[in-house]
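# Survey of secondary and tertiary structure
Here's the letter readout for the chains.
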Amino acid sequence: MSNSAQPSIRGKTAVVGVGQSAKVGRVPGKSPLALSVEASLAAIADAGLERREIDGVLSAHSFAAPFHRFSVAVSECLGIAPTFSNTLQVSGATAAASVNLAAAAVQGGLARNVLITAGDSLLTGMTPDMALRAMTESRDPQYEAPFGIPVSNTFAMTAHRHMKQYGTTPEQLAEVAVTMRRHARQTPGAQMTEPITVADVLASKKVTTPYRKLDCALISDGAAALVVTGAERARSGPNKPAYVLGGGECYTHEHIFLMPDVTTTGAVQSSRKACDMAGVGPGDFDVAGIYDCFTGTVVMMVEDLGFCRKGEGGPFVAEGNLTHGGRIPSNTHGGMLSYAHIGIGASYFHFVENVRQLRGECGARQVPGAELALVHSLGAGFACNATTVLGTAATL
Amino acid sequence: MTAKPLPAPDADTHAFWEGLREGKLLLQRCRDCGHVQYYQQATCRDCQSAQLEHQPASGRGVVYSYSVVHRAPGPEFKDDVPYCVLLVELDEGPRMIASLAKDVDQESVDFDTRVVLEVEQVAEKVWLPRFRPV
């Protein structure tokens, strides 16, 4: 249980608005900035706010946009002058890190209404130079890039070792992809909805051992946005607030060759901190958002987030525990594997979906009675891990 | 063919890259606490002492993990596909990224395979570490 004498963001703020670009996937002719602003305006309207009431803006970097300070470009585009703003860079962990930071900023009085947004045009908007910049985002130019490591390779090496150490099979990895595709088929606007089987995954083109094409996240255009505000204001808004109950993070290394153990990650400490702050345990969650850049990443995460024991992630996912009726329905929108992968900001969509789950807005893919959600973001070959716990008023 | 990315030595790494030119993989050893590190930096990662000295590695280690790349990260590596990237654990303790030496059969690589360092000249002033199964 959380110690009430410790500083805590528990229950002090809530996500009150969610939004996304009208379309995700192949969206030519719209810049990342335009996509982000589209998502932002949707989230601000969803929150029942006016754009000028936004006084804080957090964003991720965008590869297909020329800005060094994307968050500042967003506020300029929106015609506002926030008193709190940052373009965070902890690779894919940026989403949960942004929500945690927004909660702390609101609680600390640095801003009243924080817009959090990410958008990119990885599919249709990248020049060769931008693509190269994206490729080297997680690669050390001296110790790694000369060996031709693709973005996937670092993650692949951890998954490959996990298979060796724990007997995780390619079929178990494939089940993650099949599940995400099934979820996407129920989600309007998902980028990939053609049904796939385990056999399809195993027959898809090899990328880097052990990953094949269908083990890997998509490449997409699109944007998502959230609005975070104080709990009291949240209660008088138009939607059921999704309260931020806990936040935790962990940054264990910068280089894969300095990762203490390639099969157990900082997600352990990150989620433990968030859960302790929230006063809950892994067994209490109804629904989750798990960063799914690759199938094997999800297998390692269900272990490190405490949903099953270390080494048992393979059987856990193969037994249907990531979907409705299973232990922890996750990425009910289809995740990065089938809904969309917009780069650094990909798991902002996981937040949008989990907030909608807590509101009861997910229709055919609703997890009945969802009150408590865990969203975990990670990046840079597990260098960065960040976790947020969200809950309805019943969980306060 | 597009040129591959080459390491650009900086203040922390000049000696390391020059060592490879002489066929040596230089590790940093802390004179204060004995910690040995591969990634070159100004201080010891264990005790933060600046009393570091270079020490050539034996060049021996094991394959801790590996991944065979079938889809190149860019046009400059397209002709090499498929190629094997290694995460080697040196006998001295530290791990490092490298790739397989030329003409090594990828089938001969597995977890815990013992490997030995060789260096390959890839540009006028650049030598890269490679590993070969023993």
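Residues numbered from 1 in each chain as written. Chains lettered and ligands numbered in written order. Predicted model: local features only at pLDDT ≥ 70, side-chain atom pairs only at ≥ 80, totals over all residues. Heavy atoms only, no water.

Here we take up the overall build of chain B. In terms of regular secondary structure, chain B is built from one helix and eight strands. Element order for chain B, N to C, with α for helix and β for strand: α-β-β-β-β-β-β-β-β. At 16 Å, chain B has a C-alpha radius of gyration in line with the 14 Å of a compact globule built from 134 residues. The buried share of chain B, taken over its 134 residues, is 46%. Across chain B, contacts joining residues at least 24 apart in sequence account for 48% of those joining residues at least 6 apart. Accessible surface for chain B amounts to roughly 6,600 Å². Of this, 45% is attributable to carbon and sulfur atoms. Counting 15 positive and 21 negative side-chain charges, chain B places the centres of these two groups 2 Å from one another. (Helix = DSSP H or I, 4+ residues; strand = E, 2+ residues; numbered from the N terminus. Rg over C-alpha atoms; globule rule 2.2 N^0.38 Å. Buried < 20%, exposed > 50% of the residue type's maximum accessible area, 1.4 Å probe, protein only. Contact = heavy atoms within 4.5 Å. Areas by Shrake-Rupley, 256 points an atom, 1.4 Å probe, with all protein chains shown as cover. Lys, Arg positive; Asp, Glu negative; His and termini not counted. Charge placed at Lys NZ, Arg CZ, Asp CG, Glu CD.)

The subject of this paragraph is the interface of chain B and chain A. Opposite the 37 residues of chain B that make contact, chain A presents 30 residues. Summing both partners gives a buried area of about 2,900 Å² for chain B against chain A, and 63% of it is carried by carbon and sulfur. A per-residue breakdown of the area chain B buries against chain A is headed by Y39, I97 and F111 of chain B, which together make up 21% of the total. Summed over the shared surface of chain B and chain A, the number is zero salt bridges. Seen at the junction of chain B and chain A, the total is 15 residue pairs in polar contact (both at pLDDT 80 or more). (Buried area = accessible area lost by both parts, 1.4 Å probe. Salt bridge = Lys/Arg side-chain N within 4 Å of Asp/Glu carboxyl O. Polar contact = N/O pair within 3.5 Å; in protein donor to acceptor, adjacent residues only side chain to side chain.)

Now for the side chain of T295 of chain A. Here T295 of chain A is to be found in helix α10 (residues 295-304). Beyond its immediate chain neighbours, meaning those up to four positions away, T295 of chain A contacts L173, V176, A177, Y211, L214, D215 and L337 of chain A.

Let us now look at helix α13 (residues 348-359) of chain A. Residue and element names in this part refer to chain A. Taking 1.5 Å per residue, twelve residues should reach 16 Å; α13 reaches 17 Å between its end C-alpha atoms and fits that length. Y348, F349, H350, F351, V352, E353, N354, V355, Q357, L358 and R359 are the residues of α13 that are buried. Looking at the residues trailing α13, positive phi occurs at G360, about 80°. (Expected span 1.5 Å × (residues − 1).)

With that settled, consider the sheet that holds strand β9 (residues 287-290) of chain A. All names here are of chain A. Spatially, nine strands are ordered β3-β2-β4-β7-β1-β8-β11-β10-β9 in an open sheet, and the strand pairing comes out mixed. Single-partner strands in this sheet number two, and they are β3 (84-88) and β9. Within the sheet, the average angular offset between the axes of one strand and its neighbour, ignoring direction, is 25°. On the sheet, α13 packs against β1 (13-20), β2 (56-60), β4 (113-121), β7 (221-230), β8 (242-251), β9, β10 (372-379) and β11 (384-391) and is oriented at approximately 115° with respect to β1. (Pairing = 2+ DSSP bridges. Axes fitted to C-alpha atoms, helices over the stretch in contact; angles between N-to-C directions.)

All names here are of chain B. Scanning the entire structure with this criterion turns up 17 salt bridges over all chains. Here D91 makes a salt bridge to R114, at a shortest N to O gap of 2.8 Å. Of the two residues, D91 sits in the loop between β5 (83-90) and β6 (95-100) while R114 sits in strand β7 (residues 114-123), which places them 23 residues apart along the sequence. Its relative accessible area of 45% is what places D91 among the partly exposed residues.

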